[in-house]
Amino acid sequence: MHTFNTLEVMSADATTVDVRGEGSTRRPKRAPYWWRFSKLGLALAFLVAAGYFFHGQVWSSTSLQGTVTSPLITIRSPIDGVVTANAAIIGAPVHQHEALFVIEAHQLDTRLRAELEAKLAAAQQQTLVIDRKIAELSTLRTQLQARNQVHREGTLARLEALIGETTAELSRAKAVMERTQHEVSRAKTLSTNGLIAQATLDDAVLAGQQARFEVERLTASLKRLSVERMAAKNGVMLGEGYSDAPYSQQRVDELAARLIEAKAERESVQQTQQELASRLGEEQRREDQIRRYAVNAPITGLVWNLHIGSDGVVGRNAPLADVVDCQSAFVEAIVPERRYDDIQLGEAVQIKLLGNSHKIPGTIHAVRGQSAVVNHESLAAWLTPHRTREAMTVSVAVDPEALHQLSQGVCQIGRSAKVYFNNKRDGAVGSQRLASFTGLVSSAYAAIVPLAR
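Residues numbered from 1 in each chain as written. Predicted model: local features only at pLDDT ≥ 70, side-chain atom pairs only at ≥ 80, totals over all residues. Heavy atoms only, no water.

Moving on: the pairing of strand β8 (residues 301-306). In this sheet, β8 lies alongside strand β5 (residues 93-94) in antiparallel orientation, the contact comprising two bridges. Counted as the bridge partner of P93 is L302 from β8. The pairing of β8 with strand β10 (residues 319-324) spans four bridges and is antiparallel. Paired with L302 across the bridge in β10 is V324. (Pairing = 2+ DSSP bridges. Helix = DSSP H or I, 4+ residues; strand = E, 2+ residues; numbered from the N terminus.)

Ranked by internal contacts, the top residues of the largest apolar core, which has 21 residues, are V331, I351, V394, V396, V419 and F421. Listing elements by their share of this core, those giving two or more residues are β11 (330-336), β12 (348-353), β13 (359-368), β14 (391-398), α6 (400-407) and β15 (417-422). Setting aside residues up to four positions removed in sequence, V331 forms contacts with T67, V68, I351, V394, S395, V396, V398, A417 and V419. Counting 19 residues, the second largest nonpolar core, distinct from the first, contains I103, V295, A318 and L320. (Core = buried A, V, L, I, M, F, W, Y, C linked by side-chain atoms within 4.5 Å. Buried < 20%, exposed > 50% of the residue type's maximum accessible area, 1.4 Å probe, protein only. Contact = heavy atoms within 4.5 Å.)

Turning our eyes to something else, we now look at unusual backbone geometry. Look at H97: it is not a glycine, yet its phi comes out positive at around 70 degrees. For H97, the location among the structural elements is in the loop between β5 and β6 (99-105). Here the phi dihedral of N317 falls at roughly 70 degrees; this positive angle occurs in a residue that is not glycine. Relative to the helices and strands, N317 is located in the loop between β9 (313-314) and β10.

Helix length check: helix α4 (residues 198-233) (36 residues) gives 53 Å between terminal C-alpha atoms against 52 Å at 1.5 Å per residue, within 8%. Looking at the buried positions of α4, the neighbouring elements they touch are α3 (111-193). Phi turns positive one or two residues past the end of α4, at G235, with a value near 90 degrees. (Expected span 1.5 Å × (residues − 1).)

Attention shifts here to the state of the cysteines. For the structure on display, the rule yields one disulfide. The disulfide partner of C326 is C411, and the gap between their sulfur atoms is 2.1 Å. Looking along the S-S bond of the C326-C411 disulfide, the torsion reads about -95 degrees, which is the left-handed sense. Residue C326 is located in the loop between β10 and β11, and its partner C411 is located in the loop between α6 and β15; the two are separated by 85 residues in the primary sequence. (Disulfide = S-S within 2.5 Å.)

Structural data, given as structure tokens:
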């Protein structure tokens, strides 16, 4: 090796050969003490560096670089509008359900509400028309009922007069019949005695029959008039020109049917009006809810980014702010990809934050190769992999209690970190590294021995 060649040269320098052939050896001149101690110090420093290399490369290994990160939650606008209130400040802590933004809609779609208002107004107008129709029909029916009452009273009065007249005629007819009966009786007596002719007796008998027939006719007429009077009192007109009721009564009955139809139509329209009013109320409440929308924090964490300010115009689903949960922080570390098969999920590791000498425990929960496609927008901090050499990304879950005690409550997202892995590679590689270290120690020992003489 090159180290041993150097020792041979140093040995050759230490002994001088007699070039004059005198057979005697001249003692070399000793170097100063400070020079020998300087070389000895350098050799010892070399041994210390070799020991550190042995510990770092044989017993353990570290990541190339790493950072503390956390999932990033983006708060988006639920509507189109203007930000009228903004309580979010970058770096400020927020609590879950805390109001961060207030957005007022400026382009609210009111077509449905306008349509419902138009339908409701039409239903109300239709109700007014039906009410006027019902009022007019009711007035006309009242007038016809009054006229029908007058007609009924007149008819009853006429029938009463006819009944009185017929009763008087019947009384007269009965008197005539009684007189004719006396005349017939007297004529029969005279005819038996031969005092009057047979013709006179026949005339008397005929007159008596006519008087009886007149009484029967007037009695029948009186009964007919009584029946008509009773029917008239019940609203039924009997006689010539009447089928059942007078024209006024028929019109009253027709108007009553039309009033029933109009009232049924009004009830239907009023029910439709109530349904439209209910739907309009719901639509107005919905518009009131979305006209002024309060956006709350989804988690308890820290405002990481702010995408909009007060009085800013935002569209639906536009980002407003990013919030991170510092309690869910984990470490992403860059590791040479040749160690891909050495790292196991669930393996316990040690994490050291830059500027801090304490190590905190962690657990590997994800491993990604260099070519893996990852959406970094969902993380609060990320690393740029080494493109000049093969590297992979290892995600390490951090013990939250240990991280909180170490950071004293300060959010550590974005802080640089290193991950220390246990070296569990195969025996061949470990033996190769151990052989390299042994060679280095041998070289150092060969260099130190001459310096100590």
